[in-house]
Each structure stands twice: as structure tokens, then as C-alpha cells.
Amino acid sequence: MERAIVLVGLNHRSAPVAVREQVAFQNGQLGPALRRLMDLEGVHEGTIVSTCNRVEVIACGADPTRLSALLPRFLAGEHDLTETALAAHLYTHADREAVRHLFRVAASLDSMVVGEPQILGQLKEQYAAAAAAGASGQVLHRCFHKSFSVAKRVRSETGIAEKAVSVGSAAVELARGIFDRLEDKAAMLIGAGAMGELTARQLLAQGVGSVLVVNRTYERAMDVARELGGMPVPFERLARYLPLADLVIGTASGDEFLLTPALVEEAMRERRRRPMLFVDLAVPRGFDPGVNAVDDVYLFDIDDLEGVIADNKGARAREAVRAETIIDAEVDAFWRWFTSLDVVPTIVALRDKVEAIRQREVARGLAAFGDADARLPEVLERVTSAIVNKILHGPLTALRRHEAQAGEAFYVEAARRLFRLGADPDDGEE
């Protein structure tokens, strides 16, 4: 059985946030989308990865060419876009390169912030969603779980995590570039998810005086505020408390912008034009880009953080080289397993075909002899079986060796073609 792995997607390097937010899968969308993915003819297994920095569809099937055509169409169709609108931003990886890409993503080598830990947790959650939807199977199960162990190995054997900064810490760097000091500044966190809480902790670690926590679910805002020693704010009172904040970090979004130029202008008048910094980490964006046009207001979105993050690339790059070596070895190991999936079925098919030929020819030979020596059937069985075993010894040894050595996948295909496995047993045997 022929198998292929194909990954199609876009990320922070191939597409701006304005494009990424159009194809992001929001809460509640993933399960139905996975079921629609599995309904596509030719898709045997599938998973969707959707984060603030990437949206990727990974599928396993028999025909890589078909999958490479299906997945962009699927991604565009899920969001009522044309394939043309996405074509310039999409990348496609097949087979080994698809596996390598996934391993690099899990190890945070493909992240905006190399070494950041959040991506691994996101991958685990979204693979779990695929498993719950019945979309993953033998191949993607092993592929994703291997990516998790690769990420753990990279973290334990390199210093990449020590050199990395999170998106939240990059936001803190922006704040330091705007304000002379943070100790007398108040921060407002809009969205109390994992990234928001991490960002708030980093702000407090850097000396920010106080934190206001705004969340659609007030109980969650209370819980996070209690953990941080901050103040919870009901979501419907966001506008009233906005003038109190010097820094506003957003990790939440909705069908409409949470902050508009008019709302921010009103806050600035109440603040007597004291500067405000807005950092929008949400995808889709939660703050209207027009906010940046308000005097004395500085707005940055997640793409703007890349410049801050770039300052630390030198030290991380050296560790990343070591991590890439680990990934190369792990990709080789996975690919040996993946291509070995067809070894046993091929060996069985080859033995069955040759044995069927042997038995048929023995029967023909015995029929030609009529009532010959009673010992003849036993002799023919023994002699022909020995001949078959000796002829098959070389091919079967090469196929079994395939499981232990890389780069021998061609043996499986060669055996199937040369011996016409899967063809009519009588085809070409006269």
C-alpha cells in the first residue's frame, strides 16, 4: 500500500497577520473542520494546527499529488476564500520534509521566538482534538507523538530554551522602549488565557506597578487577578477602566474589534494625552489598526514583535544548529519506521504469489505424469519448495534489511513492480 504525508500551511514568515487571521480556526470550529477534512476522497488521516503564528493542515493518504491539490482547496473553502487569495502565502511539504517541518515546529525552531514553550502545548491540544474526532491514525499518531519526544530531547540536550524569549517578554521589551520606567505604570490585560497570564507575569517581574485583568468570563478574570495580585475588571466596564492603563496587552479577539480609535481617543482625553502602549497579540486581531493613528498612542501587533525578538537571534542560532542535528537523526528514524510499514505486506504478498505459482506448476506436472510413482508428489513438493526458498532468500533479505537501514525504500517498490504484486496471479505466468 502506497502512503504519503503532505503538509500545507502558512505561518508568520509566509503571510502577514491580516491573512493568518482569515484562515485561523476558532474555538469550536476545529472538530467540524476535521470531520470535513476526513470526508475528502483520498484523505486517510488528518490533523489541523491553528495558532496565532500558523495554520497548517497535515494529511496522510495514498496519492501525494492529490493531497497537495486537495489541502489548499480545503483550507480556502473552510474560510470562504479563493485558492488564488491564499496561493502566494502557502507552502507545501511532502513526506520526509513534512515530518521534518512538524518536528521543527514542535521543537520551536520554526517559531517567531525560537525556543518558546507554548507551541508544544498547542500541538498537543490540537492533536488531541484530531484523535477525539477520529481523524488521526497509525501514521499521524506516531508522527505527532514522535514530534513531542523530539521537542523534549531538544530542550534537554541544548540550551535553546535558555536563550529564548516568549512573545510576552518581547511585549515587555516594547514597553521599555516607550516608557522610561515601568514601576509607576499600570498594565491592562484583555484576555486571561495562557498567553495573557504569562505576559502579565513577565510584566510584574519587570516591575510594572499594577495589573488590571479583563476577561469575558469574570470568574476567570478574578482567578487570574488573584494569582497575580491584580484587579479583575468586568468585560462590560472595559471602556471605563481603560484610561487607568499605560500599557494594554490584548490576547482576546471577537467578531468585532474590542478597541476602536474612538474609544482610545476618549481614554486619551481623560488621561490628558499621557502616552499609551497597545500590544495586540491576538489572531484575529482584537484592536482596530486605526488606533495607531491616535496621537501619543503606540500600537503594535504580533508581527511587529519580530523585530524585538530578532535582537536575541545570535545566541539562539548556535543552539539551533545543535537542535537541527537532533532533528535530522529523528527524522531518519521515523522515516525508517514509516517506509517499513509496507515491508511485511510486501514480503507476505511476494511469498504468497510465488507459492501459488509453485503449487500450480506442481499440480500441472503431476497431472502430466498420471499414475506415476507414489513418491513423486512428495519429491516435487520438497524440490520445488527448496528452489523457491533459495530464489526468495536474496529479495526477502533485502526487504527485511530495509527496516534497519535508511535509504532503501526503493526495494519495496521495486519488489512490487518486478514481481507484479497485486496483479492477476495468472498474468504473465504462461
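Residues numbered from 1 in each chain as written. Predicted model: local features only at pLDDT ≥ 70, side-chain atom pairs only at ≥ 80, totals over all residues. Heavy atoms only, no water.

**Some points on unusual backbone geometry**
Stage number 1. Going from V283 to P284, the amide bond is cis rather than trans, its omega being 0°.
Stage number 2. As for its placement among the helices and strands, P284 is situated in the loop between β9 (276-280) and β10 (297-301).
Stage number 3. Not every positive phi belongs to a glycine, and D95 is a case in point at roughly 55°.
Stage number 4. Within the chain, R272 stands out as a residue other than glycine whose phi angle is a positive 60°.
Stage number 5. Positionally, R272 belongs in the loop between α13 (261-270) and β9.
Stage number 6. Under the relative-accessibility criterion, R272 is labelled exposed at 76%. (Helix = DSSP H or I, 4+ residues; strand = E, 2+ residues; numbered from the N terminus. Buried < 20%, exposed > 50% of the residue type's maximum accessible area, 1.4 Å probe, protein only.)

**Structural notes on the pattern of salt bridges**
Stage number 1. Under the defined criterion, the tally for this structure stands at 35 salt bridges.
Stage number 2. D184 is the partner of K185 in a salt bridge, and the nearest nitrogen-oxygen pair spans 2.8 Å.
Stage number 3. Put simply, R358 and E355 hold a salt bridge, and the shortest N to O gap is 2.7 Å. One end of the pair, R358, and the other, E355, are both in helix α16 (residues 343-369), three residues apart, so they sit about a helical turn from each other. (Salt bridge = Lys/Arg side-chain N within 4 Å of Asp/Glu carboxyl O.)

**Here's the deal with empty space enclosed by the protein**
Stage number 1. Evaluated as defined, the whole model comprises one cavity of 30 Å³ or more.
Stage number 2. At three residues, the largest contribution of residues to the lining of the largest cavity is made by helix α6 (residues 118-132).
Stage number 3. Taken together, the residues that form the lining of the largest cavity break down as six nonpolar, five polar and two charged. (1 Å grid on protein atoms, 1.4 Å probe; cavity = no way out; pocket = protein on both sides within 12 Å on 5 of 7 lines; lining within 4 Å. Points joined across faces, edges and corners; volume = space filled by probe spheres on them. Nonpolar A, V, L, I, M, F, W, Y, C, P; charged D, E, K, R; others polar.)

**Here's the deal with the sheet that holds strand β1 (residues 4-11)**
Stage number 1. Ordered by their spatial adjacency, four strands build an open sheet running β2-β3-β1-β4, and the pairing between neighbours is antiparallel. The open sheet is flanked by β2 (45-50) and β4 (91-94), the only strands paired with a single partner. Sheet twist, expressed as the mean angle between neighbouring strand axes with direction ignored, is 15°.
Stage number 2. Here eight bridges tie β1 to strand β3 (residues 54-61), and the two strands are oriented antiparallel to one another. Pairing of L10 across the sheet is with V55, part of β3.
Stage number 3. Seen against the sheet, helix α5 (residues 96-106) touches β1, β3 and β4 and runs at an angle of roughly 110° to β4. (Pairing = 2+ DSSP bridges. Axes fitted to C-alpha atoms, helices over the stretch in contact; angles between N-to-C directions. Contact = heavy atoms within 4.5 Å.)

**A look at the layout of surface pockets**
Stage number 1. Here the largest pocket is characterised by a volume of approximately 1,400 Å³.
Stage number 2. Lining of the largest pocket is provided by 37 residues; of these, F25, Q26, N27, T251 and V283 occupy positions nearest its centre.
Stage number 3. When residues of the lining of the largest pocket are traced back to their parent elements, those giving at least two are α1 (17-23), α2 (30-38), α6 and α10 (194-205).
Stage number 4. No other element matches the five residues that α6 contributes to the lining of the largest pocket.
Stage number 5. For the lining of the largest pocket, a count of residues per class yields 12 nonpolar, 19 polar and six charged.

**Considerations on the pairing of β2**
Stage number 1. In terms of residue burial, β2 counts as a mostly covered element, since six of its six residues are buried.
Stage number 2. By the alternation rule, side chains of β2 split into E45, T47 and V49 and G46, I48 and S50, which are all buried.
Stage number 3. As judged from the six bridges shared by β2 and β3, these two strands associate in the antiparallel manner. Bridged to I48 within β3 is V57.
Stage number 4. Counting the residues that bridge the hairpin from β2 to β3 gives three residues.

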